Amino acid sequence: MMNMNSEEPPLQPDPSSSVSRQVVPRAAMTSPEHPWPVTMASWTFSQAISTWPSFWLEGQIQEINARRAGSTYITLADSQVSNTTLEVVAFGATSAQAAQFHQGDRVLIHGKPNLYQRFTKLSFLAQEIRRIGQGDLKQQIEELRKKLKGEGLFDADRKLALPEFPHHIGLICAPQARAEGDVKRNAMLRWPTIQITSEYVHVQGESCPPDVIAAVKKLDADPDIDVIIIARGGGAFADLVGFSDEGVVRAVSECSTPVVSAIGHEDDWTLLDLVADLRASTPTDAAKRVVPDVHEQLELIDQLRFTLQSDLQSLVTSQLQLMHGYLTNPHLTHPMSMLEPYSQQLERLSERLNASLHQYVDSETNAITRSQATLTALSPQKTLDRGYSIIRDEDGHVLSDASQLSSGQLLALLLRHGSATARVENVHD
């Protein structure tokens, strides 16, 4: 904003500055032959305005700039009539007082009209400022923000991811707006094949919310649209309120197509920024964040191609080395050589098995022979062969004691050769 410090001495018209023309003293005396220079006109306006009295002024702060020490500049809007504003300047102690106010505040300002001659710019020089209330509009937006946040409309898990390679952008902006040119120019520079469909709307005033809502719904219903950008250049707080409308916020929250908010400059904010899937600082930033850079993508492809070729070459080299190893491996060139140690081991084991079997058979044969000799020596037949006999009763029981005998009892005698039957005559104990 221009410096309008009233302490700068007023410019004085210099009649001698133009030799070829005579400066007449009054406006009514000017003619094509004797016009006023700009300095004279500006000085005359300043002189007239300086006679105006001081008065009280009521309005709402639309924009305030207190970044320069000792001076504050305010755009004061009529709280009843839209699009009517007045520039207010404050210096010194009044500037320090004015710096405590914020956008949306309703204020009373006492001061007087002032003309900055260098630019012939009319302003209101503030001498005292009083707050008469918080800005109604700003307070309403804050209450709406809390309400919508409580409903979860700004939650991160509701955000949709932008497509990595969009084919078609839906752009909502004012007709012939600079924002449209910024988006189209930067998007096409980055991705020449991108298609852009523009929907023109009012971007401030009463028509803004319904226009934006209709455009959002129209683009969201178009299956060819991959992403929607809502763009507007910078502006005062009151100029952007249409993008904090509840209907606009709800329409965007219901979109199945990702929405990017690109309203104003980086310092500006609206409720649309909170509900959108992505907030861009400017329309140019929106274009850069929505579409990839074709040069970066081509460079990435070249890097991937080089990496792929290197990996493939490394794989082929390693496989060739592996094949060479197979070809020079003696086990593969003479496969039977792999069986030789096992064949020798099998032969040794076979010999050991045969020796063990022979040893086992001989041992068992000797054991059988010994058992046979023992059985033969203990055989009843051997006893009979020595002249003994075996006596049994009629039931076949072997009798070994005379007490088992009785006179007249029949006995069976088993002899070395054959058998006989006898009868007991006498029994002697």
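Every chain's residues receive numbers from 1 upward, in the order its sequence appears when written. Note on the predicted model: pLDDT of at least 70 is required for a residue's local features to be given, and 80 or more for side-chain atom pairs to be given and counted; whole-chain, interface and lining totals, by contrast, use all residues. Only hydrogens and water are removed before side-chain values are computed, so all heavy atoms of the structure are retained for them.

Quick look at the sheet that holds strand β4 (residues 106-116) now. When DSSP finds at least two bridges between two strands, those strands are taken to pair. Counting from the N terminus, the helices are the DSSP runs of H or I reaching at least four residues and the strands are the DSSP runs of E reaching at least two. Here we have five strands rolled up into a closed barrel, ordered β1-β2-β3-β5-β4, and mixed in their pairing. Sheet twist, expressed as the average angle between the axes of neighbouring strands with direction ignored, equals 55°. Looking at chain direction, β4 and strand β5 (residues 121-133) are connected through eleven bridges and run antiparallel. Looking across to β5, one finds that asparagine 114 is bridged to serine 123. Sheet strands touched by helix α1 (residues 38-50): β4 and β5. Its angle to β4, the strand with the most contacts, is close to 140°. Axes, fitted as lines to C-alpha atoms, cover a helix only where it is in contact. Angles between the N-to-C directions of the axes lie from 0 to 180 degrees. Here a residue-residue contact requires only that any non-hydrogen atoms of the pair lie within 4.5 Å.

So, about the confidence of the model for the protein chain. For every residue, the pLDDT score states the predictor's confidence, bounded by 0 at the bottom and 100 at the top. When pLDDT is averaged across the protein chain, the result is 87; 93% of the residues are at 70 or more. Segment residues 1-7 is flagged for pLDDT under 50; beyond a separation of four residues in sequence, or across chains, it makes 21 contacts in the model.

Here we have three strands laid out as an open sheet, ordered β11-β12-β13, and antiparallel in their pairing. Here the strands that pair on one side only, and so sit at the sheet edges, are β11 (390-392) and β13 (419-423). Averaged over all neighbouring strand pairs, the angle between strand axes comes to 30°, with direction disregarded. Strand direction decides the pairing type here: β11 and strand β12 (residues 410-414), joined by three bridges, are antiparallel. Looking at β12, one finds that isoleucine 391 is bridged to leucine 413.

We now examine the pattern of salt bridges. When the charged atoms of two side chains with opposite charge come close together, those side chains can pair. By definition here, a salt bridge exists when the distance from a side-chain nitrogen of Lys or Arg to a carboxyl oxygen of Asp or Glu is within 4 Å. What the rule picks out here adds up to 13 salt bridges. Close ionic contact of arginine 130 with glutamate 128 constitutes a salt bridge, the shortest N to O distance being 2.9 Å. For every residue, the accessible area obtained with a 1.4 Å probe (protein chains only) is divided by the maximum for its type, and the residue is called buried under 20%, exposed over 50%, and partly exposed between those limits. When its relative accessible area of 28% is taken as the criterion, glutamate 128 is described as partly exposed. The residue aspartate 302 makes a salt bridge to arginine 305 at a minimum N-O spacing of 3.0 Å. Pair noted here: aspartate 302 and arginine 305 are both in helix α9 (residues 294-328), with a separation of three residues, about one helical turn. Residues joined by salt bridges that share partners form a network here, namely Lys147, Glu151, Glu246 and Arg250.

The span you would expect from a helix comes to 1.5 Å times its residue count less one. Over its 14 residues, helix α5 (residues 208-221) extends 20 Å from the first C-alpha to the last, a length consistent with the 20 Å expected when each residue adds 1.5 Å. Looking at the packing, one finds that the buried side of α5 touches β6 (168-173), β7 (195-200), β8 (227-232) and α6 (246-253).

What follows concerns the nonpolar core. In terms of nonpolar packing, the biggest core is built from 31 residues, with Ile172, Val212, Ile228, Ile230, Phe243 and Leu272 touching the most fellow members. Among the elements of the structure, α3 (136-150), α5, β8, α6, β9 (259-263) and α7 (271-275) are those that each provide at least two residues to this core. If you look at the next biggest cluster of nonpolar residues, it comprises 21 residues, including Cys173, Ala179, Ala287 and Val294. Grouping buried Ala, Val, Leu, Ile, Met, Phe, Trp, Tyr and Cys residues that are joined through side-chain atoms within 4.5 Å yields what is termed a nonpolar core.

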